[in-house]
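Residue-level listing of the chains:
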Amino acid sequence: MLEGLIGGFANCFEPFNLLLLFLGTFLGLLVGALPGLSSPMAIIILLPVTYSLEPLPALLTMIGVYVGTKLGGSFSAILLRTPGTPAGACTALDGFPMAEKGQSALALGYATYASFFGGVTSWIIAVTCIPFISGIALKSSNADIALIAIMGLVMVSAFTRGSMLKGFIGVCIGLLIGSMGMDRTDAIERFTFGSLDLLSGVPFAAALVGLFGFAVVISDLSLMKSTSELVTTKFKIELPSTFDFLKRWRAWSIGGFFGSIIGAVPGVGADGATWLSYGTVKNNSKNPDAFGKGEPDGVVAPETANNATTGGTMVPMLTLGIPGDASTAIMIGALYLHGLQPGVTLMKTGAEVVYGMLAGLLLAGVFMFFIALGAIRFFVYVLRQHRSILFPFVMVFATMGAFASYNEYFPVYVAIFLGVFGFFMEERGFPVVTIVLGVILGPIIEYNTRVALQVADAQWTTFIDTWPRIIMIGIIVFLVFNEIKQGLIRRKISKQ
Amino acid sequence: MLVTDKKTKEKKSDIVKDILIGFIILIISVGAFFTYNPADAPLDVGTDGMNFATYPLGVASLLTLLGLIYLANSLIKYFNLKEDYSFFNYLIQSIQDNKSLYFKRLSTVILLLLYALILGEINFMLLTSSFLFLGFFLYERRDYFLMLILSLLGGGFSYALFVYFLKLPI
C-alpha cells in the first residue's frame, strides 16, 4: 500500500498534474462560494476539457474541484448567510452571527482551519480503509458484486433527502435509462425506438450534463435576482492560534469522525454530516445557548465534517464503485469515460489512478488552505457578481460536455431533454442523484446477476449461498422495511 | 440546492403536481412494457435464468408498483385536504405571479435547443457569442456594452478552447 501511495504522490508531483490540481481547487473554491453553483455542476463544466486528458490528470482536476467547493461554500455562508452549497447551511448558523459581530475574518479562519483538518483526518481514514476493503472486495464473485450494487442503490434511496419512495422511483427510472441500447449479453436492442443513436444506450455524459447541469440552471433561475449584501467590508482570513483551535478538540474530533463515517454511507452526503456534527457538539457543549449566536465551535464542527466527507466518499467509490454523493457519481462516470471500470476490480486494473487520486485528495486540501488564505478578496469579488453573467457560460460549457463525449449532436439533445425532466423531478422532491446512480449501477447489476446465474445453473439461491450475501440481503430487507415502517408512522402522526 | 425538505403544510396545488408526476411515472413504466423490444426478438433468448427482457421488465414492474403507490398516496392526500381549489384558476394565477420566471425557464430551454440545432451550421465563435449575448439579455442584463464585450470574449475563449485546443469537430 505504502509503495502505491508513494507512487501516487510521485504522479501528482508531476508539474502538469500539480497545476491541474491547483486550478481545480481554485475553481472549486470559486464555484463553492457562489450560491446556485455546486460541485457537480463545476465538474460538469470541466467535462469537455478533461476528455482530452489522461485519466489521472482528469480525475485530479475533479478532486481539486470537489475539495475546493467544500470550503468555498462557507465563504458565502459566513459573509452572506446564503450558503454556496447545501452543506454550508449549517456553518451560516454561527458563522454569520460572528461576521455580524465584526469577527468575519476569524470565522473564515476557523472555517479554513477546520476544513483543512477535516480533510486530513478523513484522508488518513480513507488510505487506511481503502486497501483493506479492496482486499476483501477483490475476492467478490459476480453475485456479491450484484448484491453490493443493489445495496448501494437501496442505501442511497433510504438516506438521501426526501422520502425513500421518491428515491426508489428515481433509481428505477435510472435503471430503465441504463438498460437502453444493445443488451450486453444477448446483443438485442432495448428501448431504442428505432434510433441508431440509441443502440449504444443513453450517452452517460449527456445524462450527467442534463441532470446535474441544465436541470440546476433551469431551477436556479429563481435565484437570478438575489442580491449579495455582504455583512462586512473586511475581506481577510484571520487564522486562530493553534492553541485556540486545539482547545476546540471536541468540535473538530466529532466533526472529523462523523464526516468520515457518514461520507462513506452512500446518499447521506456532506449536509447530513454537518447537521449531525453540529447537533452533537451543541448537545454536548457546556454552553449550548451560545450556539446560533456566533459560537466558534458552531463553525468548526460543521466545517470539519464537511471536508471530512471527501475522504469518506472515496472509500465506497474506489473500492466498490458506489458513489457517496453526486460529485463522486460524476467522478465514477469520468472513470467510465476514460475507459476504466469502477468497482471492485478498480484497485487491480487502475491502482495507479486510485493511489494518484488519494494523493491528490491530500494535496488538494493543502492547496485549498493556501489558496483560501491568499485569494479571499478575489472570491468575495466574484461573490458580489450577478449570476446572470455566469449561467450562459455554464450552459455553453455543459453543452460542449455533452457534445464532446461522442463528438456528435445527439447527446446534446438527450442532455436538454433530461435537463427538463430532471428539473421537474427535482421540483417535486425526487433527488436526481438517484436517477444517475441507477444509470451507473444498472448495467453492473444486470451483467453480474446474469453471470452469477449462469455460473450457478440458473439457481437464484446462489444469492443466499454465503454469509456475506445473507448479511447483504438482510441489510437490504431491513432498510426497505424500516422505511416502510417510518412512512406508516409518519402517516399516523400526520393524521393525528 | 435543488431538493428542499418541505416542512410547510402541503397545499392542494402541490399535490396536483404530485398527481401529474405520478401519471408521468406510470406512463413511463407502462410504456416500457410496450417499447422494450423494438427488434421483436423472441423472449426465449438466453438460458441462464434471465433473458434480455427480464431486467427491464422487472424494473418496469417495480416502477409501476411504486408509481401506483405514489399516485394513490397523492390522491388520498388530495381528497383529504379541505381546501377550495380550482386547477385552472391556480394555473392562471401561478402564471401571472411567476410570469417572468416561467418565461426565463421556457426561453432557456428554447435557447439551448436553438444552440444545439445551429451548432455546426454556422461559425462556432459567432454562434457562441450570440448565444451568450441572448443569454445575458434573457437574464435581464441591460448594460449592452459590457454584454457585447463579455459575449465576444466568451465566444473567442470557447473557440480557442474547444476548436483550437481540444479540436472538437464542431
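So, how was this worked out
- Residues numbered from 1 in each chain as written.
- Chains lettered and ligands numbered in written order.
- Predicted model: local features only at pLDDT ≥ 70, side-chain atom pairs only at ≥ 80, totals over all residues.
- Helix = DSSP H or I, 4+ residues; strand = E, 2+ residues; numbered from the N terminus.
- Rg over C-alpha atoms; globule rule 2.2 N^0.38 Å.
- Buried ≥ 20, exposed ≤ 12 C-beta atoms within 10 Å, placed from the backbone.
- Contact = placed C-beta atoms within 7 Å.
- Expected span 1.5 Å × (residues − 1).
- Nonpolar A, V, L, I, M, F, W, Y, C, P; charged D, E, K, R; others polar.
- Domains from an automatic or database assignment.
- Axes fitted to C-alpha atoms, helices over the stretch in contact; angles between N-to-C directions.
- Parallel < 35°, antiparallel > 145°, perpendicular 65-115°, else oblique.
- Left-handed = near helix turned anticlockwise from the far one by under 90°.
- pLDDT = per-residue confidence, 0-100.
- Bend = angle between axes of the 7 residues up to and from the residue.

**Student:** Got a minute to help me understand the overall build of chain B in this structure?
**Tutor:** Looking only at helices and strands, one finds 6 helices and 0 strands in chain B. Traced from its N-terminal end to its C-terminal end, chain B shows the element sequence α-α-α-α-α-α. Expected size for 170 residues packed as a compact globule is a radius of gyration near 15 Å; at 24 Å, chain B overshoots this value by more than 25%. Going through the 170 residues of chain B one by one, you find that 26% of them count as buried. Sequence-distant contacts in chain B: of pairs separated by 6 or more residues, those separated by 24 or more amount to 64%.

**Student:** Could you clarify how one ought to interpret the overall build of chain A in this entry?
**Tutor:** Secondary structure assignment for chain A yields 20 helices and 2 strands. Computed over the C-alpha atoms, the radius of gyration of chain A is 22 Å, within 12% of the 23 Å expected from 2.2 N^0.38 for a compact globule of 496 residues. Dimensions of chain A, computed from C-alpha atoms along their principal axes, come out at roughly 70 × 60 × 45 Å. By the burial criterion, 64% of the 496 residues in chain A qualify as buried. A sequence separation of at least 24 residues applies to 80% of the contacts in chain A between residues at least 6 apart.

**Student:** What is the right way to look at unusual backbone geometry in this model?
**Tutor:** Most peptide bonds take the trans configuration, and most residues that are not glycine carry a negative phi. Residue and element names in this part refer to chain A. A positive phi angle is found at Phe193, which is not glycine, with a value near 50°. Among the secondary structure elements, Phe193 is positioned in the loop between β2 (189–190) and α9 (204–220). For Asp457, which is not glycine, the phi torsion reads 55° and is therefore positive. Within the secondary structure layout, Asp457 lies in the loop between α19 (432–455) and α20 (467–495).

**Student:** How should I be thinking about helix α17 (residues 387–406) of chain A in this particular structure?
**Tutor:** Residues and elements named next belong to chain A. In this model, α17 (20 residues) spans 30 Å end to end at C-alpha, consistent with the 28 Å of a helix rising 1.5 Å per residue. With respect to burial, α17 is a largely interior element, 15 of its 20 residues being buried. Two residues or fewer after α17 comes Asn407, characterised by a positive phi angle close to 55°.

**Student:** Sorry if this is basic, but what is going on with the interface of chain A and chain B here?
**Tutor:** When the parts of a complex come together, some accessible area is lost, and that lost area is often taken as the interface size. Counting residues at the interface gives 62 residues for chain A and 59 residues for chain B. Broken down by element, the side of chain A that touches chain B gets its largest block of residues, 11 residues, from α17 of chain A. Classifying every residue of the side of chain A that touches chain B gives 36 nonpolar, 16 polar and 10 charged.

**Student:** It is not clear to me how the domain arrangement of chain B should be interpreted in this structure. Could you clarify?
**Tutor:** By the assigned domains, chain B splits into domain 1 (12–95) and domain 2 (98–165). For domain 1 of chain B and domain 2 of chain B, the distance between their C-alpha centres works out to 36 Å.

**Student:** Explain the packing of helix α3 (residues 39–50) of chain A against α17 of chain A here, please?
**Tutor:** Geometry of a packed helix pair, given as the angle between the helix axes and the separation of the axes. All names here are of chain A. It is the contact of α3 with α17, at a shortest axis distance of 7 Å, that shows an interaxial angle of 55°. Regarding the angle of α3 to α17, the classification is oblique. α17 is crossed by α3, and the crossing has left-handed handedness. Contacts from Met41, Ile44, Ile45, Leu47 and Pro48 in α3 reach Val394, Phe397, Ala398, Met400, Gly401 and Ala404 in α17.

**Student:** How do you make sense of the environment of Gly49 of chain B when you look at a structure like this?
**Tutor:** When you line up the elements, Gly49 of chain B lands in the loop between α1 (12–35) and α2 (54–80). The class for Gly49 of chain B is partly exposed, based on 17 C-beta atoms found within 10 Å. The sequence separation of Gly49 of chain B and Val16 of chain B amounts to 33 residues, and the corresponding C-alpha distance is 42 Å. Those residues within four positions of Gly49 of chain B in sequence are excluded, and the remaining contacts are Leu453, Ala458 and Trp460 of chain A.

**Student:** What is the right way to read the confidence of the model for chain A from this model?
**Tutor:** Detailed reading of the predicted coordinates is not advisable wherever pLDDT falls low. Taken residue by residue, chain A gives an average pLDDT of 86. The fraction at 70 or more is 95%. Ranking the helices and strands of chain A by mean pLDDT puts helix α18 (residues 410–427) of chain A first, with 93, and helix α15 (residues 346–349) of chain A last, with 82.

**Student:** Got a minute to help me understand the environment of Ser130 of chain B in this structure?
**Tutor:** All names here are of chain B. Mapping Ser130 onto the fold places it in helix α5 (residues 124–138). Note on Ser130: 16 C-beta atoms within 10 Å, which makes it partly exposed. Separated by 22 residues in sequence, Ser130 and Thr108 place their C-alpha atoms 14 Å apart.

**Student:** Explanation requested: the confidence of the model for chain B in the structure shown.
**Tutor:** All names here are of chain B. Mean pLDDT over chain B: 86, with 91% of residues reaching 70 or higher. Considering each helix and strand of chain B separately, the mean pLDDT is smallest for helix α3 (residues 87–97), with a value of 83, and largest for α5, with 94. Note that pLDDT drops below 50 for residues 1–7; the model gives that stretch 13 contacts with residues more than four away or on any other chain. Two numbers describe this predicted complex: its pTM, 0.83, and its ipTM, 0.90.

**Student:** Looking at this structure, I do not really get α9 of chain A. What am I missing?
**Tutor:** Owing to its 3.6 residues per turn, the α-helix aligns residues three or four sequence positions apart on the same side. Its 17 residues place the ends of α9 of chain A 23 Å apart at the C-alpha level, agreeing with the 24 Å of an ideal helix rising 1.5 Å per residue. Within α9 of chain A, the axis deviates most sharply at Gly210 of chain A, by approximately 35°.

**Student:** What exactly am I supposed to notice about the environment of Gly95 of chain A here?
**Tutor:** Residues and elements named next belong to chain A. Position of Gly95 among the secondary structure elements: in helix α5 (residues 89–100). Separated by 200 residues in the primary sequence, Gly95 and Glu295 have C-alpha atoms spaced 7.9 Å apart. Residues within four places of Gly95 in sequence aside, it is in contact with Ser74, Ala77, Ile78, Ala107, Ala111 and Val299.

**Student:** Hey, could you run me through the packing of helix α13 (residues 297–320) of chain A against helix α16 (residues 351–383) of chain A in this one?
**Tutor:** All names here are of chain A. Close contact between α13 and α16 brings their axes to 11 Å; oriented N to C, the two are set at 175°. Comparing the axis directions of α13 and α16 gives the class roughly antiparallel. Of α16, the residues touching α13 (which contributes Thr310, Gly311, Met314 and Leu318) are Val354, Met357, Leu358 and Leu361.

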